[in-house]
Every structure is written in C-alpha cells, then in structure tokens.
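Each chain, written out:
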Amino acid sequence: MTETNNNIEKVIIIGSGPAGFTAALYAARAELEPLVFTGDQLGGQVAITHEVENYPGFVDGIGGPEMVQIFQQQAERFGARTEFDFVSEVDFSDGPPFTVKTRSGKEYKAWSIIVSTGASPRQLEIPGENDFLGRGVSYCGTCDGAFFKGKDVIVVGGGDSAIEEGIFLTRYASRVRVIHRRAELRAKPILQTRAFNNEKMSFIWNSVVEEIVGDGLVQNVKVRNVETGEIDTLETEGVFIFIGHIPNSWIFKGQLDLDDAGYLITDDHMRTNIAAVFAAGEIQDPVWRQVATCVGQGTMAGMAVTHWIEELEDQIKAHSEAGSTTPVAAGD
Ligand code: NAP
C-alpha cells in the first residue's frame, strides 16, 4: 500500500553521493530543507572506495566511507534530511509539483528535483558471472578484498578502477593477475607505475575472460587471447571486475532526455529538459567522474535549484494556499 506524504517538499534529491550531498548542502544553506534519498548505497560509489587521494583539502587522502559521513553531516548541519529509501518511480509529466515513489511504498511531492543517482558497475555478461556473485565474483575490492587473504585473484579491466583496486587487493591476496583486453592500460601513469612496481601484480594482455567456472565457489576462469584465439584455464579463487559503469537512469527513461549511453543530458545550469528537474554527478557526466567534479556539479545544481525556487516563491505560495492541483508554470 502506498503511504502518501501530503507535504510538498521544496527540493528532493535522488542519490546520496558527493553530487547529491553537495547539492543538499547548498539547498540546505538556502533554507530549502532538501530531502535526500540515499538509494541502496549511502554515499554511492565513493562509499566503497578504500581511499580518495585526489580530492583537494586532504593532504594524506581520506577513506571513502569517512568522506561520505563528512558530506552527509555537513549537509544535515544546515537542515538537509536523509531518507534511507530507494526511489523506484518518478512522474514528471504534469508538475511541478512532481511525484516521487519509493520502494518502501511511500509517495512524495516536490517542487523541484535534483537527480544524482550516479552509475553502477558494468558487467562482463559472461556465463558464471551472476552465479558466483558473492562467491568469488566481486565489483568492489574495498568491500570484499579481506575475504581473499593469501588467495590468488584475477582483476578484469585496464582503467583507473581496475588498477587502483588491483593494487589495493595486493594487501590481502598472494597474487593479483590483471586481465586486460588490450596490450596497454588506460589507467593514469601514476597508477600504472605503482602497479608495475608491485611484486604481487602481473598482467595478461590482449585477453578476455569468457567464462567463470566453479563448484559453489569460483575455481577458474576461461581466458581467450584475442590475437591468437587460444583459450587458457586459469585457476583462481576471486574475480574482481572493473570495466566501467552504466548510468542509473532507467527510472527516468521516457521522461528525461538521455544520450545513447543512457546519461542524462543537462545544460550548463545542470537543467534537464524538464524545468525544475536538475541533474548532477556521474548520472550526467560520462567523462570526468571524479569526486571533485561531482562536488562542483552538485554545487551548480544546488545553486540552480535555489534560484528556481526563489523565482517561483510567490507562485508556489499561492498554489499551496489555494490547494491547487494545477502545475506551476515552469520557469526558464
Ligand atoms: P574506464 O576508465 O571506462 O575503464 C574501463 C576499463 O575496462 C578499460 O580498460 C576498458 O578497456 C575495459 N573494458 C570495458 N569493457 C570491457 C569488456 N566488456 N571486457 C573487458 N574489458 C572491458 O572505467 P573505470 O576504470 O571504472 O574509471 C571510470 C572513471 O572513473 C574514469 O574517468 C576514471 O579516471 C575515474 N576513476 C578515477 C580514479 C582516480 O582518479 N584515482 C579511480 C577510479 C576511477 P579499454 O581500455 O580497452 O577500453
């Protein structure tokens, strides 16, 4: 049964990563009392990042979970509220106010929305991948690395995530073999140097994993050399997959404009194609995807939403007093 909240929120923020909590901080400081929905993972991807070394202000780096806590506390200090729920449905067709429904069966209305739902790990989509999820297959070294103490693990991918997480996994694993589909890494030079100098790490180039095999737990992977076509069986107990991300935009399909890869399209004020619906962070940024850039985009969205609400304050007030159900005329 749906539980309807009759209060109309000024701002609902969908997603609690760096972009979401930064937007919340700015909206909260403008006294808009934003309501932040966490989604399944409070803090998003940074919450499962062992250490962030490239966010300015932290000379020695900072742990991802600690960073999330700071972002949340800072936004809440000014009146942001955090709701541990997953937004499963939105209706932008006849608002604002818009309707937001959550997986726990609650329904909310809001004069404006900021979408900061981020992205999720891309899957290899090979046999065995889903069967052995949590039984040797993982998308998060920080979360699962400790289970592989003294074990032999495989990392798939050649970008920053694969190399950074591979290095992290050497804390626990006896050996980390990185399987990459090309003969050159995509990762930043500083990470490459660290990985090449790490005695526990080795590289299998021009190769793709075609199947994950086991019996209850992962036992081996079938690897094909893309140049020779040769197939090898490599014994391993863990397969960590870091081959990029896909934007969490499925609930907005058909309502907000998306690019071909599913990222939300925004303008330079973080506006989507629907007035009063903004977006920030990785959900609208397939290129930069850093905590620092997400924070910047969250700042812009928080400021943009504040201007929007300020411009329409009189109309919103009149609308509320009249108990009207007619949408407010959208601002530009
Ligand atoms: P990414 O940069 O897109 O790299 C994905 C890697 O997976 C690439 O090496 C790619 O190969 C490979 N790949 C993609 N699809 C594959 C498939 N189907 N089979 C096998 N391999 C496949 O993703 P990411 O490493 O997650 O990084 C995402 C963004 O976050 C980047 O902008 C990155 O700079 C950033 N990031 C930054 C840091 C940091 O600054 N410390 C840490 C983590 C992530 P190809 O190289 O052949 O395309």
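Rules and cut-offs
Residues numbered from 1 in each chain as written. Predicted model: local features only at pLDDT ≥ 70, side-chain atom pairs only at ≥ 80, totals over all residues. Heavy atoms only, no water. Helix = DSSP H or I, 4+ residues; strand = E, 2+ residues; numbered from the N terminus. Pairing = 2+ DSSP bridges. Axes fitted to C-alpha atoms, helices over the stretch in contact; angles between N-to-C directions. Domains from an automatic or database assignment. Buried area = accessible area lost by both parts, 1.4 Å probe. Salt bridge = Lys/Arg side-chain N within 4 Å of Asp/Glu carboxyl O. Polar contact = N/O pair within 3.5 Å; in protein donor to acceptor, adjacent residues only side chain to side chain. Nonpolar A, V, L, I, M, F, W, Y, C, P; charged D, E, K, R; others polar. Near = heavy atom within 4 Å. Areas by Shrake-Rupley, 256 points an atom, 1.4 Å probe, with all protein chains shown as cover. Phe/Tyr/Trp six-rings, centres within 6.5 Å; stacked < 30°, edge-to-face > 60°. Buried < 20%, exposed > 50% of the residue type's maximum accessible area, 1.4 Å probe, protein only. Lys NZ or Arg CZ within 6 Å of the ring centre and 35° of its normal.

K.L.:
Can you lay out the environment of H319 for me, pointing to particular residues and giving the numbers?
P.N.:
Along the chain, H319 turns up in helix α7 (residues 313–322). Along the chain, H319 and S93 lie 226 residues apart, while their C-alpha atoms are 18 Å from each other.

K.L.:
Let's hear about the sheet that holds strand β16 (residues 231–235): which residues, and what values?
P.N.:
Taken together, three strands build an open sheet; the order of strands is β14-β15-β16 and the sheet is antiparallel. The strands lining the two open edges of the sheet, one partner per strand, are β14 (207–215) and β16. Across the sheet, the axes of successive neighbouring strands diverge by a mean angle of 25°, strand direction being ignored.

K.L.:
Explain the domain arrangement of the protein chain to me, using residue names and the numbers behind them.
P.N.:
Segmenting the protein chain into domains produces domain 1 (3–121 + 245–322) and domain 2 (137–241). For domain 1 and domain 2, the distance between their C-alpha centroids amounts to 34 Å. The largest contributions to the domain 1 side of the interface with domain 2 come from I48, H50 and P121, which together make up 65% of the buried area. On inspection of domain 1 and its partner domain 2, the count reaches one salt bridge. The partner of R194 in a salt bridge is E53, and the shortest N-O contact between them spans 3.3 Å. In this structure, the connection of domain 1 to domain 2 is made through two residue pairs in polar contact (both at pLDDT 80 or more). Taken together, the residues of the side of domain 1 that touches domain 2 sort by class into two nonpolar, four polar and one charged.

K.L.:
Quick one: what's the story with the site of the ligand, residue by residue and with numbers?
P.N.:
Inspection of the region around the ligand gives 21 residues, with D160, S161, R182, R186 and K188 positioned closest. For the ligand, an oxygen atom lies 3.0 Å from a polar atom in the backbone of G158. In the environment of the ligand, an oxygen atom lies 3.3 Å from a nitrogen or oxygen atom belonging to the side chain of Q290. Calculation on the ligand without its partners gives an accessible area of 900 Å², and the protein chains cover 80% of this total. Among the elements that line the shell around the ligand, the one with the most residues is helix α4 (residues 160–169), at three residues.

K.L.:
Kindly report on the packing of aromatic side chains, identifying the contributing residues and their values.
P.N.:
Tallied over the full model, the rule gives 10 aromatic pairs. Judged by centre distance (5.0 Å) and plane angle (70°), the ring pair of F37 and Y108 falls under edge-to-face. Remark: Y108 occurs in strand β8 (residues 106–115) and F37 occurs in strand β2 (residues 35–37); sequence separation between them is 71 residues. Ring plane angle 70° and centroid distance 5.2 Å describe the contact between F92 and F98, whose orientation is recorded as edge-to-face. Accessibility assignment for this pair places F92 and F98 in one class, buried. Positioned above the aromatic ring of F78 is the side chain of R29, whose terminal nitrogen or guanidinium carbon lies 4.7 Å from the ring centre. The cationic tip of R103 hangs over the ring face of F86; the distance from NZ or CZ to the ring centre is 4.2 Å.

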